[in-house]
Structures are given as structure tokens and as C-alpha cells.
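As a plain string of letters, each chain reads:
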There are 2 protein chains.
Amino acid sequence: VDASSLRLYRWYYSRICQWGLGLTIAVVLLLAFIERPSSLSVSSDPRHRSPTWEPPCGLTESIEMVCLIIFCLDLAVKSYLIGWEEFRKNKWLIAYTVVISISVIDWVLSVSMVCDEKLRVRRLLRPFFLLQNSSLMKKTLKCIKRTLPEIASVILLLALHLCLFTMIGMLLFAKTEDPKKNGEWELHFRNLPNSLTSLLVLLTTANNPDVMIPAYSLNRGYSIFFVAFSVIGTYCLMNLLTAIIYNQFRGYLLMSVQTSIIRRRLGIRAAFQVLTCHGAQQAAEEHVCVDAVLEVMSRVQMKSYYRVAITTEARQYADVGYMDREQFRKIFDQLDKDHIKEHPPLPQYNSPVLQRLQVIFSHYYLTILGNAVALANVMCICTVLVLNSEKSTSERDNYIMEIINLCFILYYLFEMSVKIFAFGWKGYLSYRNNIFDGFLTILLLILQITIYVAYRLPYSHWDPSAHGFLSLWEMVRLINMLIVFRFLRIIPDIKLMALVASTLLDLVKNLRAFAGILVVVYYVFAVFGIWLFEGAIKPPPEMSVLSNTTMDNITSNFSMECGTYEQLGYWPNNFDDFAAAIILLYDVMIVNNWQAFMDAYSRYTTDWSKIYFVCWWLTSSVMWVNLFVALILENFIYKWDRSHSCSVTDVERIRYET
Amino acid sequence: VDASSLRLYRWYYSRICQWGLGLTIAVVLLLAFIERPSSLSVSSDPRHRSPTWEPPCGLTESIEMVCLIIFCLDLAVKSYLIGWEEFRKNKWLIAYTVVISISVIDWVLSVSMVCDEKLRVRRLLRPFFLLQNSSLMKKTLKCIKRTLPEIASVILLLALHLCLFTMIGMLLFAKTEDPKKNGEWELHFRNLPNSLTSLLVLLTTANNPDVMIPAYSLNRGYSIFFVAFSVIGTYCLMNLLTAIIYNQFRGYLLMSVQTSIIRRRLGIRAAFQVLTCHGAQQAAEEHVCVDAVLEVMSRVQMKSYYRVAITTEARQYADVGYMDREQFRKIFDQLDKDHIKEHPPLPQYNSPVLQRLQVIFSHYYLTILGNAVALANVMCICTVLVLNSEKSTSERDNYIMEIINLCFILYYLFEMSVKIFAFGWKGYLSYRNNIFDGFLTILLLILQITIYVAYRLPYSHWDPSAHGFLSLWEMVRLINMLIVFRFLRIIPDIKLMALVASTLLDLVKNLRAFAGILVVVYYVFAVFGIWLFEGAIKPPPEMSVLSNTTMDNITSNFSMECGTYEQLGYWPNNFDDFAAAIILLYDVMIVNNWQAFMDAYSRYTTDWSKIYFVCWWLTSSVMWVNLFVALILENFIYKWDRSHSCSVTDVERIRYET
């Protein structure tokens, strides 16, 4: 370890460098939105989609090349820092090398074909850069990998369950001589693929009452078949999957906290060793000079309040001049203590009137009053909305709405200034709640002023359709939305809701690894889907020929079977560009009505396209959603266990036993 | 405690008495199927439902009176045994008294009105008898009650989320001047109830892509609104509910095991005290005579292998003649040891040929071969099914199918007899697997013989539509189904699947309390639903007038909006009788397309009927399904922790940290 590599190491792991790398990864990933087929159209509906702006050949390619060069540099630095021996053992780095080289080769091919290639392999590989850069995601992947055998066994059981019920179903609902009794056979059990699909979709409950209706309408008894299938498959086996995944992730957070504590201990021990070498080795017992510690502390990057706390601790030993290992370890225990944010003291006013006012305005009741006013405002908006719901824009009386909102906004402004007066500027800003409030209040004020500038109040009945850069109605609408949004300020004031909301916020923090995996999965499937199905679904020919005004008539005349992609008008959900593909995949992940997509794509392309959708269903809805549930469970229980000390748990236990 | 009350106590808690009580409860609950409106019709579809058999007035009433008298007796015995002091404190018993008296009053009213009353309150109260009789269910209810505050906070947050998004949605999708852009407003955000319903249904994902299609087709950006709503509401808040409920039930199984162990300790301690009194109090230290213990053991009701084990243990001390408290406690530790079922030894054959054959036939490979043959048979049936799927009954060649099945069944019979030969009769029956196999094989054989008796093989092409008590085709179908069912024998032979399946089986054991609560909830809601909505939905008038043959034409001509109750033909799902109501409630619990029911009932009755459906959704899908998930998690994790000793967990932990 020489000085230059140390400097390189420091520089590489500095915040700016890691940020740059993250930005590069984001840029590479976001390229998919601009690349052909670009997603820069207002609507993805092929029936009324304007020709989109396609980037000129070379634009995205050059951006991509810059990113690839940055990745090359990153790889070079990383492998230099880690050394050749370690590099050979590290599978991730080797894969990184391979992915970069494939991307470069693919890029060269793509440029040489003047951007006319069909499949860009490198688009499929891009999410790897995201995976590779996050140790948390690698860890999560490892965790998932470990769970795979058990998941596989449940999925095998699920497949067996599906097959058995398919066969029994086919036997039960076989074609009979009486055409009236063939409804079930005709619609859902016509042949093997049809029956399999019906029951697979039933496993996701997406066709629940429909699939049993023809049989159930003939005989009640047939419902037992479907109920048994759903209860075993959907309720038991699917939830068992959740249990298995959760079981694997149980203690995940606790473990990672323990790991980081152990790592820190190791680091402190190593620091002690290093500092001992620097200090004089005067005695047999190892010691560390306090001066050296203080000097290091002043140069190290860390949060200021930790630095202050540790320096204060270290100063205790200043008169002795050195400390031993135990003492050295102890001063870093400060890191475990959470920094409790102290609010700045209230400003001191001399005048007794001002002091009196300060007491009034800093009182808790003011917040409650503020909440009540916000509630009243929301109720007002709600009433106006209900009254106006059937009116068209021109009939609505925006004037009164505007005046009411003005009053409320003035009150908000008053509340804000009064709070600033009572708590002082810094005190006001030290509450996160107030920042949220104040920001929205100022935004509302700006909007109001804009309205006055653009439309002038005195004319009580202006033309509502007059267009500035936004019509008046839209401005008022925006203000209303902001007011409704501002109403969220009540959450921290209701205790139970605050607890639940804070759990959710904590969740978001711990979510990064899972979100990253979700991005990777979505990206790969979207790119793959675009490659397979781009332009597969053509809008009905009449639509494109005729003008838009007669469209409604045609839709109703155009005879379409109920529940199909065409009848439901799912046109904007297609694989024609990246953004639309993502929304389509999201819709399939939500699972409801996914059979419509599966059915449409298997009609427009081949039956094999069902495999794509089933794969996506397995990855997203089965795997990822269960992972997400496991994460929420883990997070909530971790939080619960931390907030309730052991004694409370014991009390619980005793209560159980009585 | 005198002898007669002790005898009464013994008699009351004897198995037969408790069974009788359980049976009475079952009879009372099952009455709902027979009572008017009775569920004894083949189909619940009002379009082609034959007039059902209604029980004569007084039949169900007299059965019910008998049950009520039994409950009165039960209450009397219980309160006599518990004593007046305890009775006054026990809320459950007081409620029991109240419920019985209300039922009797209601019964008298009902009889005096000659069964012509509209609402039978006692039907609503009946599930109480089930609740009251199970201590496990009472405990679970207590557990749920304790979770309610947290659940309420999440539901409050959910309501806030819903309201905020409704308002923002109404602002966002307000009526505009351009009629082409009003699609979203018209369909989903027309007024406040409409918008609330749309988003509430979206919370359950039941209208997922549909609700966003009109807006999304205009502008991609609108999808953000819906995605945000679903992610926050469905994924975060709903799963948080799961986490909260699971957190409350965590350790539930462990606790109940601990509790039962503690209770048993107390019981053993008490038995020791009692036996000491009986024995001679010769010394200062307390002792128990072994003879007394042995005598008690011979009279106590318990499983025979436990009795044998404990008696053996107790005999050790026979020469000393007495044992102290510690020794007495120790002999009952035998109860903790699981009884490992020993298979009877293989029968001994003298002839070397027979011995050789026995070795061959008891080999593991025979089981594998049996599985392979079963698989081949299933494949055969599957192939025939695929080939025959489009053919009508008369075109199918049942003959070949029949011959193939005959061969397979003969093989099964061969396998069975050979196994009986190898393991002996008792050895064969000691494997549960074999019982399953053998039972199905014999059933198949009987069916085959019936076919030969009824249709005679030699006529190779008989008339397939000839009806005996079952047509040939139906018999073959039944055989095929049994064979497919028999294929389940492979599960225990695949290790991972056996683990998962055994978890599921264990689950069923622990499920009783939850299933009981489910029954209670279903019962109350079904009775309530019948009272509110019986006969609310009338089938279209044309249907009932015209004959059935022209029905199909009418259905297609009858113009109906897609996705409605009428178009989807949900007619058999109604509240016209108890069985139909249960299936309807099940369909709403599954959640998919529940908006169709809600919409239909709010159209046929009033908008307030939505409240009923939302209540049911909250109780079943939100509460009960989450409870069920919690149970599965708890069960799986309990099993996992028991099967993996602590050392394995430690290994896991270490693996995590590296």
C-alpha cells in the first residue's frame, strides 16, 4: 500500500466520484426512454399517436460511448485497487469486464449498421451496471439465491396442483351431447392449453367468478372444484411462498446492523494499531497519543456532531497524553448514540406584549387550529367539487372558489409568519413539518399572485376559457390540489398514524436494494418485450382512416367480444416504446385482468407469447411482491422489537398464558 | 367438590358428551341450508331454477327447538359446575344465556306467526354457539381484539389516502369543454361516490388497468397518479396490515405450547398432592405409593402407548414402594416424547424363493416403479383427453381407454398384493401411503367390475349413450379422475415437496380456530345478506317467458354493457338462498370483479348496499386473509425453528456476516 494508491483509493471512494458513477449508470439506464422507439410522445395509444421525435442516429450512441468509457475507467481503477490476484477470484468483476466488452462490440456493430439493427443486446445488459455497483443488491441477490430451492419446491407443488386440477377439470367439463351444457367446455376447457391457461389465471384470481359461471349456473356442485382449486393454490401454496421467502429474510436487518457494528470494531482496532505505530512505542503495553487522535479526528470526514462528541471524549485524556486500547474503543461508542436534534431556543423579546404573544403563538393549540383550518379548507374544496362535478368548465363559478381559497391562504400566511415570530427563523425551520407547510404556503401565494397578475380580480366574471399560459380554471385546480396535499400535515399530529407513517418512511430507506432489483427486472423484461412484440398489435384499420369525431360511433358499432383487449380499449398498453412497456408490465404485475394482455398477444403473435407473460408474472408478482411483503414484515417487526423493550415482551407473554 | 359433581364434571367433559354438543351446534348451523329460502335446488340461477322443495312449517323449527333445549341443558350444567360466583364474572356465559333466551323468544314468535316472518334474528345469533364452545376461538378473538387499535390506525391512514387521492383525482379528471377528453370523468370520476368507489376498487386492484385507460390513452402522465395510488395503498399500506397482524400472532404457537406444558405441570403437581393424601402420610417428606399410581394409571383415559410408557416407568419404583415429587414428575416426561410409529416386522417366509421374492418386493425401487407406472397412466389419460377434447361423447372411443385403464388397474392390483405379501397385512396398513393407494385401487376395481356387469366387454362398440345408472362415459370419467387423484402418491417420495406438503397438513390442524371464525363471519354475513337482498335481482323477463332453446339468441341480442353483472351472466350469484349467498361472499372475498356485484346490487336496490359489500370486503379480504397469512407464516416459521436446531441458526448467522 503506497501513498499514491491510497490517494487513488480515497479519491475513488470519495462522495463525488461515487455520485458521478451513479449518475452515469442512471444516464445509461434512462437512455432507453429516448432511444428508438422513443417514448417522447404524449400518448402511447396507437390510435391517436402523433409521430414521435426520434433521436438522430449517433446521439444516443455517443452518450452511451461516453458512459461506457467511464465504466471502463471504473473497472480499471477497481481492478488496480483490488489487485490481480483478487480480481481473478471476483466473479462480479469478471462479469463486469465481459459485459463492458460485449457492450462495446455491440456498439461498434450498431454504429456500423447506421442504427438500423433490430436487437441491441447491450440494452439487455445495461441493468448489470446497476447491480454491479451496489453491494446491498448483491447481498440481496445472494439471499434470494439461497431461497431458490425451497421456492422451487413450492412452485413444483403448484405446477403439480395445476396439472392435476387441469386434468380433473377437463374430465369434469368434457364436451357432452347437450349443447346447452357445453358452456364451460366451450369457454374455458376446450383443449389442454386453454384449460391450463384458465386455471393458471384462476390461480392469480384474475378470472375468478367468470371461469366458474357457466358450470355453476348449471349445478351448484361444480363450484366446489373451483373453490378447492383457489383455496389450495391461491391461499395455501401462494402464501406458503411468502412464508418461505420471509423466513429467509427474517433477521436480515438485525444481521446487517450486527455486521456493520463488527466491521466498525475491526476498523477501530486497526486504527488503534496504525496510530500506535505513529506514536512512540515507549512501553510494552500499546498506547495511542491523544494529540495524534485529535489530529486524525480533525481531518476525517464524518458528521459534525459525531466529530464534536468524539473530540470531547478524547480531550478527557489530554492531560495523561495517551490512552490504551480499551479507552480508545470507548470514545468511539459515541457513534452508537443517535444524534437527538435539538431545536434552537425561542428568541427573547423584551416587550411584555411581545412575550405574551410569543407564549400564545408557540402554544400547541395553534397547530391544532391550523389543522382545523386546513380541514375546513379541504371540506370547502370538496363541497365545491361535489357541486361542480356535473358542470362544464364555463359553467363553474371559479370566482367564489378563488375568494375562499384566498382567505385560507392568507390565514396560512398569517400562521406561518406568527410561527416564525414565535420560534424565530431557525426554530421554525428546525421542524420538518414547518418546512413542508411553509414551502406549500409560499407556492400557493406565488400562484395566487400569478392569477391576479394574469386575470385581475376586479372583473368579477372574467372569461374562464381565456388562456394565459394556463387557463384560470387550471390554476385554481392546481391551487386546490396543493391545498389538499398540504392537508397531509395532520399525520404527525395523530399518534398512531405517525407510527405507521414513520414505519413506511423507514421502509423507503431500506427499500433501495429491492427497488434496484425491481428496476433491473423491469428493464430486462421491457427491453425483451419491445424486441419481441414491438408493433405486434395494430389498431383497427377504420380508426386510423376516419376522423376522430366519428370514433365513438365506430367503437360502439365495431362488434367486439366483452372482456377482450380490444373491447376494453387497452390500446395504449403495448410494447411500442419503453415507457408504454413499463406500464404494461406494471399492469401485469398488479395481476388483475392480465389474461386480456396474454390473450391479445397470443392472438396477434403466437401462442408462445404466453410464456413471456407467465415468466413475468412469476418474476414480478410471485417473486418480487413476496420479497416486498417479506421486507415490510421484517422492517415492521424490527422496528417493533426495538421500540418495545424486553420487559414489555415479557408482559405480553404473561398475558398470553392467563 | 362432592362426588356427584365430580361425576357430572367427568360425564360433561367426556368425549361423547362434547361430541354430542358439537353435533348439535353443527345441526343448528346446517339448518340454514334447509330453512326457507332453502338451498336444495340443483342450480341457483334464477333463469332456470326449478321450484325448490321448501320444508313444511314446523320441521326446521322443531329441530331447532331440540337443539335449543340441548343448549339450555349445556348452560345449566356449565353454570352448575362453575358455580354462581364465577358465572356472574364470566361474560361468555352471560352472553350465552342472553343468546339462548333471545333465540327462544324469537322461536316462539316465529311459530306463532306460522313461519311467515321476514327476519329471523336467531339465525344471526346462531354462530355464537360455535364461538362459545371453543376456547381456542375465544383466545384468537382476544388476540384480534388486542390488534384492533393498530389495525384501526392503518385503516384510518388508508381512508385518508383514499380521500386525498379521490379529491386530487376529481380535480385532475374534472369535466372539460372538449368532450373527447371527458372519458375518465364520465366513467370513473363523475361525482364523489363514483370517484370514491373507483378508487376503493382500485385499492383492491380489481379494476386495475380499466380505471386508468381513458386518461392514460390521452396522456402517459396520468398513469403516475394511478401507479402512485396503487403502490402506496395496495402495496405499502395493505401489506403493513399483514405485518401488524402477523406481529401480533408471532409466537402464538410457541406460547400455546408453553401454556399447555405449564398447565400439565400444574396438573401433575395437583395429582401428586391428591395421591399423597390417599397414601399414608407416614413421613415428613411427601411420598406417593407406586401402587396407587399404577391403579390410577390403569383407570385414566389416555393414549395406550403413553399409558404403557408411564406404567413401565412407574414399575421401576415398585420395589421401593413409593416415590417422591421429583420422581413422580419425571415419569410423566414420557408424555413429551413423541410416539414414533413402529412398523410391524416383515413376515417370515420359510421357502428361499419366497424370501427372495420378499426382498425384491419390499425394495424401494418397486415404489419408484409404481410411481412411474402411475405417471404413465396419467400421461395416457392426458393424451386421450387432448385427442378427444373436441369430439362429442358419441364420437369418443371409450373402448381403448377402457382397455388401457384395465391394464393399469391390474398392475395396481398386482403392486398392492405383492406389497401385502412382502410387508404382511399389518405392515402394509401401517404406511398411510399404502392405505391411500389401496383404497383407491379397490375403488377402481369395483368400478371396473361394475362397468363389465353393466356393459359387458365382448361387444367392442357398444352404445356409449346407453344409460345405466351412470352412462359408460361417466364411469370411465370417474375412473380417470380417481387415477389422476391416485397420482398424488408421488408427493411423499419427493423430499422437498414432502416438507412443503407436511407444512400444509400441519397448517390444517392449527387452522380450526381460524376456520371457525371464518364460518362465523360467513354465516352472519350470509344471513344478513339474505335478509337484505333476497330476490332483489330479477332475471330479464324475456328469459323466463321464452323457452330455453332460444335463450342463446336472446342473450346475444339483449344489449348489455360489457363488464356488468348481466353481461357476465352472474345470475347464479345472488342472495336468494344460503348456499348461493355463501358462494357470492366467497367471490367477493377473492376480490376479483367484486365491483360487478357491488354495482349490480346498488342498481337493483339502493346505493347504500355498497356499504354491505365494503364491510364484507374489510372483514373477509382485509382481516381474515391477513389473519390466514399470519397463521401460515407463524406455522411455517415455528416448524422451521423446531426442525433446525440452534446450531444451524448460528451457522446461518455466520454465513450472513461474511
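Residues numbered from 1 in each chain as written. Chains lettered and ligands numbered in written order. Predicted model: local features only at pLDDT ≥ 70, side-chain atom pairs only at ≥ 80, totals over all residues. Heavy atoms only, no water.

(A) Structural view of the state of the cysteines. Per the stated rule, a full pass over the model turns up 1 disulfide over all chains. Paired by a disulfide, Cys562 of chain A and Cys562 of chain B hold their sulfur atoms 1.7 Å apart. Residues Cys562 of chain A and Cys562 of chain B are joined through a disulfide that is left-handed, its torsion about the S-S bond being -80°. Here the residue Cys562 of chain A occupies a position in the loop between helix H25 (551-557) and helix H26 (565-568), and Cys562 of chain B occupies one in the loop between helix H25 (551-557) and helix H26 (565-568), the pair thus bridging two chains. (Disulfide = S-S within 2.5 Å. Helix = DSSP H or I, 4+ residues; strand = E, 2+ residues; numbered from the N terminus.)

(B) Main features of helix H14 (residues 290-299) of chain B. Residue and element names in this part refer to chain B. Looking at H14, one finds that the buried residues are Val290, Val293, Leu294 and Met297. Here the buried residues of H14 occupy an arc of 95° about the axis, which is enough to place them on one side. Away from the buried face of H14 by more than 90 degrees, exposed residues Asp291 and Arg299 are located. (Buried < 20%, exposed > 50% of the residue type's maximum accessible area, 1.4 Å probe, protein only. Arc of directions from axis to C-beta.)

(C) A look at the interface of chain B and chain A. The interface is formed by 132 residues belonging to chain B together with 131 residues belonging to chain A. Around 11,900 Å² of area is buried between chain B and chain A when both sides are counted, 67% of it from carbon and sulfur atoms. Put simply, chain B and chain A have 2 salt bridges between them. In this structure, Arg220 of chain A and Asp577 of chain B form a salt bridge, with 2.6 Å as the shortest nitrogen-oxygen distance. For the side of chain B that touches chain A, the per-class residue count stands at 74 nonpolar, 34 polar and 24 charged. (Contact = heavy atoms within 4.5 Å. Buried area = accessible area lost by both parts, 1.4 Å probe. Salt bridge = Lys/Arg side-chain N within 4 Å of Asp/Glu carboxyl O. Nonpolar A, V, L, I, M, F, W, Y, C, P; charged D, E, K, R; others polar.)

(D) Representation of a nonpolar patch on the surface within the structure. Residue and element names in this part refer to chain A. Taken together, the side chains of Leu23, Val27, Ile34, Leu40, Trp53, Leu59 and Ile63 make up a nonpolar region of the molecular surface, amounting to roughly 590 Å² of accessible area. Listed by contribution, the elements that provide at least two residues to the nonpolar patch are helix H2 (15-34) and helix H3 (59-82). Considering every element that reaches the nonpolar patch, the biggest residue donor is H2, with 3 residues. Here Leu23 is to be found in helix H2. (Patch = residues over 30% accessible without salt bridge, like charges linked within 9 Å, V, L, I, M, F, W, Y side chains within 5 Å. Areas by Shrake-Rupley, 256 points an atom, 1.4 Å probe, with all protein chains shown as cover.)

(E) Just empty space enclosed by the protein, in detail. Counted according to the given criterion, the structure contains 12 cavities of 30 Å³ or more. The calculated volume of the largest cavity comes to roughly 1,100 Å³. As for the largest cavity, its lining consists of 38 residues, and the residues nearest its centre are Thr234, Asn239 and Val625 of chain A together with Asn239 and Val625 of chain B. Of the residues in the lining of the largest cavity, the class split is 22 nonpolar, 16 polar and no charged. (1 Å grid on protein atoms, 1.4 Å probe; cavity = no way out; pocket = protein on both sides within 12 Å on 5 of 7 lines; lining within 4 Å. Points joined across faces, edges and corners; volume = space filled by probe spheres on them.)

Without other data, these values stay purely geometric and don't point to any function.
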